[in-house]
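Letter by letter, the chains look like this.
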2 protein chains.
Amino acid sequence: MDVTLHDLCGADPTRRFSPYCWRVRMALAHKGIAHETIPWRFTQKATIADAGTDKVPVLRHGGRTVHESWRILEYLEDNWPGAPTLFGGEGGRALARFVNTWADAVMIPGLVRLIISDIPQHLAPEDAEYFIRTREERFGKSLAELTADRERAAKAFRQGLHPLRMVLRERPWLSGPTAGAADYIAFGPLQWARCVSAFPVLAADDPVHAWRGRLLDAFGGLARSVPAEDLT
Amino acid sequence: MDVTLHDLCGADPTRRFSPYCWRVRMALAHKGIAHETIPWRFTQKATIADAGTDKVPVLRHGGRTVHESWRILEYLEDNWPGAPTLFGGEGGRALARFVNTWADAVMIPGLVRLIISDIPQHLAPEDAEYFIRTREERFGKSLAELTADRERAAKAFRQGLHPLRMVLRERPWLSGPTAGAADYIAFGPLQWARCVSAFPVLAADDPVHAWRGRLLDAFGGLARSVPAEDLT
């Protein structure tokens, strides 16, 4: 197969939960690019070292490697120009980058406070040790402390989604009349959460919840097909 | 003149401070559309009642009226297709709407806590009475109470700009290699603040501050040319 993607997994190799890998998987499906995913665990640094990174997603295409989800989305758009567009033109590409910085600055830190302590139970023992040690170093707190006040943190997280919600009240997709890169970029963090935690990060009557459902159903239910904890 | 814009002003008719009107004024300049602005005060409802609204901006073009800044931006893009694009294509138009909801949900409420009590001093007496009464009803607090903790609120506001800042660390404009609608949408609230308040809503070394400066300089210094309080 010409295209392969190293895709984060848990102890169960079918539990794929990286927010960044999901951005790429949805984009690959959007473009209809045949590919193979290779399950990758946190401590398997050696298998991607040649790509100049120690994190997934890593895409291999022929002899080339590309890492970092945003750069991979741009690579897919530029190298499969005849397939359905991810960005809808240069203006859309530019502002999809803003959606990316927004999701990384608002959605992911918000979700950390809701679900991070639920992650280690899904990991192989050596990965769990690595994950707990590196995240506690990064945040300066135990994972349990990070999510200790998650009922209140959920209110703040949902409030922070208001810009996305306001758009989704007007139309079905963030990217316009059809889904695109911006949708997959904002979806990745929510898919990360639902794959590892049953905690309801979204209210059931939130337009963001309905939009998440449409993305779970997209591409033959691709994102719904993996092991998950939040099945709403 | 074929195009006119009702533009919010203070007691001094040259003090133009509406965040929403500034979005439109920058877009008109971007497209090079000859137009006249008509100073409009909060209590001059009668002069725009025919447009079906009691708020500016109201754009008049030939016999047509358009109100609400986002709708006006779309109107300008659609009716001056040969002039420089505001959106850079349909993908850019779709995501500029997200920038608009983000600016309205994050920037404007954040700035209210920093500068709203500085507004009445710039208004004609009947407008000041109207402004204070309607805003205190809306927020359930006095204007002085709203900005009482503005040193701390400034930290939260600046933190909330992080998605914008991350993009501006990579390139000069939010919209890509050249400025566009998304830049003007996010600039409007900052121009609102600087026209009425000397309070430093941005740190001097913030990339957002430098970007604001580039927008103040754009179009021959259009946005710098009006009376303002924050001259940094």
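Residues numbered from 1 in each chain as written. Chains lettered and ligands numbered in written order. Predicted model: local features only at pLDDT ≥ 70, side-chain atom pairs only at ≥ 80, totals over all residues. Heavy atoms only, no water.

As a further point, take the overall build of chain A. When helices and strands are counted, chain A shows nine helices and four strands. Listing each helix as α and each strand as β along chain A from the N terminus yields β-α-β-β-β-α-α-α-α-α-α-α-α. Relative to the compact-globule value of 17 Å for 232 residues, chain A shows a C-alpha radius of gyration of 17 Å, a close match. Seen through its C-alpha atoms, chain A measures out along the principal axes to roughly 50 × 45 × 30 Å. Considering only contacts in chain A between residues 6 or more positions apart, those separated by 24 or more positions represent 68%. For chain A, the computed accessible surface area is about 9,200 Å², with 54% contributed by carbon and sulfur atoms. (Helix = DSSP H or I, 4+ residues; strand = E, 2+ residues; numbered from the N terminus. Rg over C-alpha atoms; globule rule 2.2 N^0.38 Å. Contact = heavy atoms within 4.5 Å. Areas by Shrake-Rupley, 256 points an atom, 1.4 Å probe, with all protein chains shown as cover.)

Attention now moves to the pattern of salt bridges. Two side chains carrying opposite charge are able to pair once their charged atoms lie near each other. Residues and elements named next belong to chain B. Under the defined criterion, the tally for this structure stands at 38 salt bridges over all chains. A salt bridge links Arg 23 to Asp 104; the shortest N-O distance between them is 2.9 Å. Within this pair, whereas Arg 23 is found in helix 1 (residues 19–31), its partner Asp 104 is found in helix 3 (residues 90–115), the two being separated by 81 residues in sequence. Assessed through its relative accessible area of 26%, Asp 104 is described here as partly exposed. (Salt bridge = Lys/Arg side-chain N within 4 Å of Asp/Glu carboxyl O. Buried < 20%, exposed > 50% of the residue type's maximum accessible area, 1.4 Å probe, protein only.)

So, on to helix 4 (residues 125–139) of chain B. All names here are of chain B. Taking 1.5 Å of rise per residue, the 15 residues of helix 4 would be expected to cover 21 Å, and the 21 Å separating its terminal C-alpha atoms lies within 8% of that figure. Looking at the buried side of helix 4, the elements it contacts are helix 5 (143–146). Backbone geometry just downstream of helix 4 places Gly 140 in the positive-phi region, at approximately 70 degrees. (Expected span 1.5 Å × (residues − 1).)

The subject of this paragraph is the sheet that holds strand 4 (residues 64–67) of chain B. All names here are of chain B. In space, the four strands of this open sheet follow the order 2-1-3-4, with mixed pairing throughout. Of all the strands in the sheet, just strand 2 (36–40) and strand 4 have a single pairing partner and so form its edges. Each adjacent strand pair in this sheet contributes to an overall mean axis angle of 20 degrees, direction not counted. In the sheet, strand 1 (residues 3–8) pairs with strand 3 (residues 58–61) via four bridges, with the strands oriented antiparallel. Across the sheet, residue Leu 5 finds its bridge partner in strand 3, namely Leu 59. Against the sheet, helix 1 makes contact with strand 1, strand 2 and strand 3, and its axis sits at roughly 150 degrees relative to strand 1, the strand it touches most. Set on the sheet, helix 2 (residues 69–79) makes contact with strand 3 and strand 4; between it and strand 4 the angle comes to about 135 degrees. (Pairing = 2+ DSSP bridges. Axes fitted to C-alpha atoms, helices over the stretch in contact; angles between N-to-C directions.)

Turning our eyes to something else, we now look at the interface of chain A and chain B. On the chain B side, the residues contacting the 27 residues of chain A number 27 residues. With both chains or domains summed, chain A and chain B bury close to 2,000 Å², and 74% of this area falls on carbon and sulfur atoms. Considering only the side of chain A, the residues that lose the most area to chain B are Leu 95, Phe 98 and Pro 163 of chain A, jointly responsible for 31% of the buried surface there. The interface formed by chain A and chain B includes two salt bridges. If you look at where chain A meets chain B, you find eight residue pairs in polar contact (both at pLDDT 80 or more). Elements supplying a minimum of two residues to the side of chain A that touches chain B: helix 3 (90–115) and helix 7 (162–168) of chain A. (Buried area = accessible area lost by both parts, 1.4 Å probe. Polar contact = N/O pair within 3.5 Å; in protein donor to acceptor, adjacent residues only side chain to side chain.)

Residue and element names in this part refer to chain A. Here four strands make up an open sheet; going across it, the order is 2-1-3-4 and the pairing mixed. For this open sheet the edge positions go to strand 2 (36–40) and strand 4 (64–67), each flanked by a neighbour on one side alone. Averaged over all adjacent pairs, the angle separating strand axes in this sheet is 20 degrees, with direction ignored. Here strand 3 (residues 58–61) pairs with strand 4 via four bridges, running antiparallel. Its bridge partner being in strand 4, His 61 is matched across the sheet by Arg 64. Contacts from helix 1 (residues 19–31) reach strand 1 (3–8), strand 2 and strand 3, with the element oriented near 150 degrees to strand 1.

For a regular strand, the rule is simple: side chains alternate between the two faces of the sheet. All names here are of chain A. Of all six residues that make up strand 1, six are buried, and the element is covered over most of its length. Note that strand 1 and strand 2 share five bridges and pair parallel. By the bridge assignment, His 6 is partnered in strand 2 with Ile 38. Chirality of the crossover, the property in question, places the unit of strand 1, helix 1 and strand 2 among those that are right-handed. (Right-handed = clockwise from strand over helix to strand, strands pointing away.)

This part covers the relation of the copies chain A and chain B. For the pair chain A and chain B, the superposition axis carries a translation of 0.0 Å, the fit reaches an RMSD of 0.0 Å, and the rotation angle comes to 180 degrees. Overall, the copies show the geometry of a two-fold rotation axis. It is Gly 92 of chain A whose C-alpha, among those of chain A, lies nearest the rotation axis, at 1.9 Å. Most of the interface of chain A is mirrored in chain B: 100% of its interface residues are interface residues there too. (Least-squares fit on C-alpha atoms with pLDDT ≥ 70 in both.)

Looking now at the packing of aromatic side chains. Across all of its chains, the model carries 15 aromatic pairs over all chains by this definition. A centroid spacing of 6.2 Å and a plane angle of 65 degrees characterise the contact between Phe 17 of chain B and Phe 42 of chain B, whose relative ring orientation is edge-to-face. Of the two residues, Phe 17 of chain B sits in the loop between strand 1 and helix 1 while Phe 42 of chain B sits in the loop between strand 2 and strand 3, which places them 25 residues apart along the sequence. One aromatic cluster in this structure is built from Phe 17, Phe 42, Tyr 130 and Phe 131 of chain A. (Phe/Tyr/Trp six-rings, centres within 6.5 Å; stacked < 30°, edge-to-face > 60°.)

With that settled, the discussion passes to helix 4 (residues 125–139) of chain A. All names here are of chain A. By the burial criterion, the buried members of helix 4 are Asp 127, Ala 128, Tyr 130, Phe 131, Thr 134 and Arg 135. For helix 4, the angular spread of buried residues about the axis comes to 165 degrees, placing them on one side. Looking at helix 4, the residues exposed on the side facing more than 90 degrees away from the buried face are Pro 125 and Glu 137. Residues of helix 4 that are buried sit in contact with helix 5 (143–146). (Arc of directions from axis to C-beta.)

Turning to the side chain of Arg 25 of chain B, a few remarks are in order. Within the secondary structure, Arg 25 of chain B sits in helix 1. With sequence-adjacent residues up to four places away left out, Arg 25 of chain B is seen in contact with Leu 5, Asp 7, Arg 16, Thr 37 and Leu 222 of chain B.

Moving on, we come to the packing of helix 1 of chain A against helix 8 (residues 181–196) of chain A. Residue and element names in this part refer to chain A. Taken N-terminus to C-terminus, the directions of helix 1 and helix 8 make an angle of 125 degrees; their axes are 7 Å apart at the nearest point. By the angle class used here, helix 1 and helix 8 are oblique. Of the two possible hands of crossing, helix 1 and helix 8 adopt the one that is right-handed. Residues Pro 19, Trp 22, Arg 23, Met 26, Ala 27 and His 30 of helix 1 touch helix 8, and the partners they reach there are Tyr 184, Ile 185, Phe 187, Gly 188, Pro 189, Gln 191, Trp 192 and Cys 195. Of the residues in the contact of helix 1 with helix 8, the class split is ten nonpolar, three polar and one charged. (Parallel < 35°, antiparallel > 145°, perpendicular 65-115°, else oblique. Left-handed = near helix turned anticlockwise from the far one by under 90°. Nonpolar A, V, L, I, M, F, W, Y, C, P; charged D, E, K, R; others polar.)

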